[in-house]
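Spelled out, the chains give:
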Amino acid sequence: MRKQQSRVVRNKEFLKAFAVGFIKAFILLFLFYKSLVLSSILAIIYGIVNIKFYKKKHLENWRWQMNLEFREVMVAISSALNAGYSVENSFKEAREDLVLLYGNNSIMVKELNKINSQIMLNRPIEIILTEFAQYCKVEDISNFAEVFHTAKRTGGNLIETARSTADKISAKIETSREIRTMVAGKKMEGRIMAYIPLGIILYFWISSPGFLDCLYTLSGRFVMTILLVIYLAAFKWSERIGDISV
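Bear in mind that the values here come from a model prediction, so they are computed numbers and not experimental data.

Ranked by internal contacts, the top residues of the largest apolar core, which has 37 residues, are Met 66 and Phe 91. Counting only elements with at least two residues in this core, the list comes to α2 (36-82), α3 (87-102), α4 (107-120), α5 (125-136), α6 (139-154) and α7 (158-207). It is α2 that contributes the most residues to this core, nine residues altogether. Excluding residues that lie within four positions of it along the chain, Phe 91 makes contacts with Ile 77, Leu 112, Ile 115, Asn 116, Ile 119, Ile 125 and Leu 129. The next biggest cluster of nonpolar side chains, apart from the first, holds 16 residues, and it includes Ala 25, Trp 205, Leu 212 and Tyr 216.

Next comes the structure, spelled out in structure tokens:
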């Protein structure tokens, strides 16, 4: 039942991504080509492609949120170990702390439920964490799983390992937040500048009907295609400039 509900929600999200991509592409293409048929066909293609972009963006946001919550897990595990809990029980305590912070439906709470279920089946915790790291593919979690595996087998200081991981993730997250804050304004300026050419075309349509008709002939559309390629390249370039990863 839950899988069916999850599939329905996912399909709705994909449909929304298609609709958003279609509308944006149709408006852009209609301004450049003034053709319902051509704009609709190309917009449908972009709508399908936009689903892929949505999946990529959704995965990036999922991993970012996973990293945020995993930092709290490391803090909770470190505190539990320091209080004398075993490694296995520290994950149960971490789950309780995380529920208070993010609620039962948070990403990491669901993952901790799976981890704790496997612990109850007497599976080695280091193996569980390694499989979890392979599943989520988050760099900090993968690094922690490797260090934890080594520390568990060699009798290393697990408290210090958890605390050190939490500190490193916190520093990385704060750096990422500062960068996002700094580039947010520039990204907004870039988007506004990207809308200006479209606004100019729309302005001529309203204020001087027929002024741009020469650009919607067969030869004119060749020119508009070149301009569209330049416009999209400039837009993509501006997006890449602000895409800074830590």
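Back to the text.
This part is about the side chain of Ser 35. The residue Ser 35 is located in the loop between α1 (2-33) and α2 in this model. Ser 35 gets classed as buried once you look at its relative accessible area, which sits at 15%. Of note is the side chain of Ser 35, whose polar atom sits 3.3 Å from the backbone nitrogen of Leu 38. Contact partners of Ser 35, with chain neighbours within four places excluded, come to Phe 30 and Arg 221.

Before going further, it helps to spend a moment on the packing of aromatic side chains. Geometry of an aromatic ring pair is reported as the spacing of the ring centres plus the angle between the planes. Applying the stated rule across the entire model yields 13 aromatic pairs. A centroid spacing of 6.2 Å and a plane angle of 85 degrees characterise the contact between Phe 14 and Tyr 54, whose relative ring orientation is edge-to-face. In this pair, Phe 14 sits in helix α1 while Tyr 54 sits in helix α2, placing the two residues 40 residues apart along the sequence. Aromatic side chains Phe 204 and Phe 211 sit 5.1 Å apart centroid to centroid with 15 degrees between the ring planes, which places their arrangement in the stacked category. For Phe 204, a relative accessible area of 27% gives the class partly exposed.

With the rule as written, the count across this model stands at four salt bridges. Here Arg 71 and Glu 72 are joined by a salt bridge, their closest N and O atoms 3.6 Å apart. Glu 72 sits in the partly exposed class, given a relative accessible area of 24%. The residue Lys 114 makes a salt bridge to Glu 111 at a minimum N-O spacing of 3.8 Å. Taken together, the residues span about one helical turn, with Lys 114 and Glu 111 both in helix α4 at a distance of three residues. The class of Lys 114 is partly exposed, set by a relative accessible area of 46%. Exposure remark for Glu 111: the relative accessible area of 7% places this residue in the buried category.

Criteria and cut-off values
Residues numbered from 1 in each chain as written. Predicted model: local features only at pLDDT ≥ 70, side-chain atom pairs only at ≥ 80, totals over all residues. Heavy atoms only, no water. Core = buried A, V, L, I, M, F, W, Y, C linked by side-chain atoms within 4.5 Å. Buried < 20%, exposed > 50% of the residue type's maximum accessible area, 1.4 Å probe, protein only. Helix = DSSP H or I, 4+ residues; strand = E, 2+ residues; numbered from the N terminus. Contact = heavy atoms within 4.5 Å. Polar contact = N/O pair within 3.5 Å; in protein donor to acceptor, adjacent residues only side chain to side chain. Phe/Tyr/Trp six-rings, centres within 6.5 Å; stacked < 30°, edge-to-face > 60°. Salt bridge = Lys/Arg side-chain N within 4 Å of Asp/Glu carboxyl O.

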